[in-house]
Amino acid sequence: MALIQFENRESVEVIWRSFELDPDSPSQHSVTLAELLARKYAASPQQAAAMIARVTDVATEVGLVYHLNHAHPGNTFDAHRLLHFAAMRQLDEQAMERIMHGYFCEGLAVGDRKALARLAPELDMQENEVLTMLESEDFYEEVRADEARARELNISGVPFFLIDGKTGISGAQPVAVFVEALQKAWANK
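For clarity, every value in this text was computed on a predicted model and none was experimentally measured. Numbering of residues begins from 1 in every chain and follows the order in which that chain's sequence is written. In view of the model being predicted, local features appear only for residues whose pLDDT reaches at least 70, and side-chain atom pairs are presented and counted only at 80 or more, with totals across whole chains, interfaces and linings using the full set of residues. Heavy atoms from the whole structure form the basis of all side-chain values; hydrogens and water molecules are not counted.

Here we look at the packing of aromatic side chains
Classification of ring pairs rests on two measures: the distance between centres of Phe, Tyr or Trp rings, Trp counted by its six-membered ring, which must be within 6.5 Å, and the angle between planes, read as stacked under 30 degrees, edge-to-face over 60 and tilted in between. A complete count under the given rule lists six aromatic pairs for this structure. The interplanar angle of 75 degrees and the centroid separation of 6.2 Å between the aromatic rings of F6 and W186 together place this pair among those described as edge-to-face. With F6 in the loop between α1 (2–5) and α2 (33–40) and W186 in helix α9 (residues 175–187), this pair connects stretches of sequence that are 180 residues apart. Burial here depends on accessible area, computed with a 1.4 Å probe over protein chains only, as a share of the maximum for the residue type. Under 20% is buried, over 50% is exposed, and the range in between is partly exposed. The partly exposed category is assigned to W186, whose relative accessible area is 32%. For the pair Y66 and F104, a centre-to-centre distance of 4.6 Å together with 15 degrees between the ring planes defines the contact as stacked. Of the two residues, Y66 is situated in the loop between α3 (45–61) and α4 (77–87) and F104 in helix α5 (residues 92–106); the sequence distance between them amounts to 38 residues. Counting every residue linked through ring pairs, the aromatic cluster contains Y66, Y103 and F104. Strands are runs of DSSP state E lasting at least 2 residues, helices are runs of H or I lasting at least 4, and numbering of each runs from the N terminus.

Topic: α4
The element α4 is extensively covered by neighbouring structure, given that 10 of its 11 residues are classed as buried. All of the buried residues along α4 are F77, D78, A79, H80, R81, L82, L83, H84, F85 and A86.

As for the side chain of R98
Topologically, R98 is positioned in helix α5. For R98, a relative accessible area of 15% puts it in the buried group. Any two residues having at least one pair of non-hydrogen atoms within 4.5 Å are treated as being in contact. Sequence-distant contacts of R98, defined by excluding residues within four places in its chain, comprise E106, L119, E122 and L123.

Printed below as a string of structure tokens:
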């Protein structure tokens, strides 16, 4: 949304970087997102439901329709590898959008390699080539390098935005915060 409002948006390059909130997470959890949040934050089921409702409400404000009651949480390492694979073909933006929509809106099991590979035709790739890549160790180092860079920058959560390598914006912020940061970075270039 901020890029739409930024007059020099054609000059902005968005680079997606890998970051796992819980690198020790199993590829798939046997519990719901609400149960996982309740355990992680020592919260009641009602508090976990309220967390999910807040995220859903923020998404609604920007025109997204989340269905987190259908979410299948899991380790995102392979999804990040798929994003690096897609980036080789200049499909990283399309792949990011598809994976995020799948997880937040459709209940995509984000840690399931076969589920990720089934997205391939929508990304102008072959399902078997994506599955072969995911079953290899391809892009392992690229994901780990992104995560090491995040640690160097003291990034500990998502979303996190780094504008022009200098201005960091953490968390879900109003669109005006991003527009102002973009304008400031443009003026200082």
